Amino acid sequence: MHRCVARAGLIAAALLTGAPPAVAADASEKLAPCLACHGADGNSQIENVPSLGAQTAPYSLIQLFMYRENMRVAEPMNTAAKDLTDGELQSIAAALAALPAPKPPDVPGDPARLERAQTLTEQNHCNVCHRTDFAGQQTVPRLADQREDYLLKTLREYKTAARHAYEPIMIEVLQPIDDAQLVEFAYYLSHLR
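As the structure is a computational prediction, the values presented were derived from the model and not from experiment. (Residues numbered from 1 in each chain as written. Predicted model: local features only at pLDDT ≥ 70, side-chain atom pairs only at ≥ 80, totals over all residues. Heavy atoms only, no water.)

1. What to know about the confidence of the model for the protein chain
- Confidence along the protein chain averages 88 in pLDDT terms, with 87% of residues attaining 70 or more.
- The element-level mean pLDDT for the protein chain is lowest in helix H1 (residues 2-17), coming to 51, with helix H10 (residues 179-190) highest at 98.
- Confidence over residues 19-23 falls short of pLDDT 50; this stretch has seven contacts with residues more than four positions distant or in other chains. (pLDDT = per-residue confidence, 0-100. Helix = DSSP H or I, 4+ residues; strand = E, 2+ residues; numbered from the N terminus. Contact = heavy atoms within 4.5 Å.)

See the structure below:
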């Protein structure tokens, strides 16, 4: 399974270099079911469902490809993606990237806790791959102002290898990090301003 998942990144990267999607006009129809759960503006209001607004297109494309090919299993995503063409995957990923970025919670975070968590992210070099503003880049996802519950769930899944990545870096990076630190990471990333 891990070898297949690693290939997903390569295959999806090849999709990125292909011709521009010809189904752009059809993107809104294909995007509508996504936004029903992930939020009309790409800002999810559902527990453990990620916000997808301003997510990097290459990252979204790889995730959609992995769902379509059952390399990443999470219903209803596998069912939603199973009949999408390569061009539709590209169009949806581009449309998600064009949505507004999620907003932080209305109530600002605890300054002392945010400062401690920021130090943790710097010590663990999270700000290298995900950028200092955590907006992501290329195939590295945007984490800034993501739902806190989803971030914590995902971090825990990576740490235990319950979630298979197309690159093993997250599993490796999270091994020395304890659960209390994962809680702080999720808190910090969800409260960026």
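Still more ground to cover, so stick around.
2. What to know about helix H2 (residues 27-38)
- With twelve residues, H2 extends 16 Å between its outermost C-alpha atoms, agreeing within 8% with the 16 Å of an ideal straight helix rising 1.5 Å per residue.
- For H2, every residue scored as buried is listed here: Ala 27, Leu 31, Cys 34, Leu 35 and His 38. Within H2, the buried residues cover an arc of 100° as seen down the axis, which keeps them to one side. Looking at H2, the residues exposed on the side facing more than 90 degrees away from the buried face are Glu 29, Pro 33 and Ala 36.
- Elements in contact with the buried residues of H2: helix H4 (77-81) and helix H5 (86-98).
- Just past H2, the residue Gly 39 takes up positive phi, approximately 100°. (Expected span 1.5 Å × (residues − 1). Buried < 20%, exposed > 50% of the residue type's maximum accessible area, 1.4 Å probe, protein only. Arc of directions from axis to C-beta.)

3. Examining the packing of aromatic side chains
- Taken as a whole and assessed by the stated rule, the structure comprises one aromatic pair.
- Measuring from centroid to centroid gives 6.1 Å for Phe 134 and Tyr 188, while their planes differ by 85°, and the two rings are edge-to-face. Taken together, the residues Phe 134 in the loop between helix H7 (126-129) and helix H8 (148-159) and Tyr 188 in helix H10 connect sequence positions 54 residues apart.
- For Phe 134, a relative accessible area of 1% puts it in the buried group.
- The buried category is assigned to Tyr 188, whose relative accessible area is 8%.
- Across from the ring centre of Tyr 187, 3.6 Å away, lies the NZ or CZ of Arg 113, which sits over that ring. (Phe/Tyr/Trp six-rings, centres within 6.5 Å; stacked < 30°, edge-to-face > 60°. Lys NZ or Arg CZ within 6 Å of the ring centre and 35° of its normal.)

4. Structural notes on unusual backbone geometry
- Residue Glu 75 is joined to Pro 76 through a cis peptide bond whose omega torsion reads 10°.
- When you line up the elements, Pro 76 lands in the loop between helix H3 (57-68) and H4.
- A positive phi is found at His 125, a non-glycine position, where the angle reads about 60°.
- The exposure class of His 125 is exposed, given its relative accessible area of 52%.
- Although it is not a glycine, Phe 134 sits at a positive phi angle of roughly 60°.

5. Overview of the environment of Tyr 166
- With respect to the helices and strands, the residue Tyr 166 is situated in the loop between H8 and helix H9 (169-174).
- On the basis of relative accessibility, which here comes to 11%, the residue Tyr 166 falls in the buried class.
- With 95 residues separating them along the chain, Tyr 166 and Met 71 place their C-alpha atoms 9.1 Å apart.

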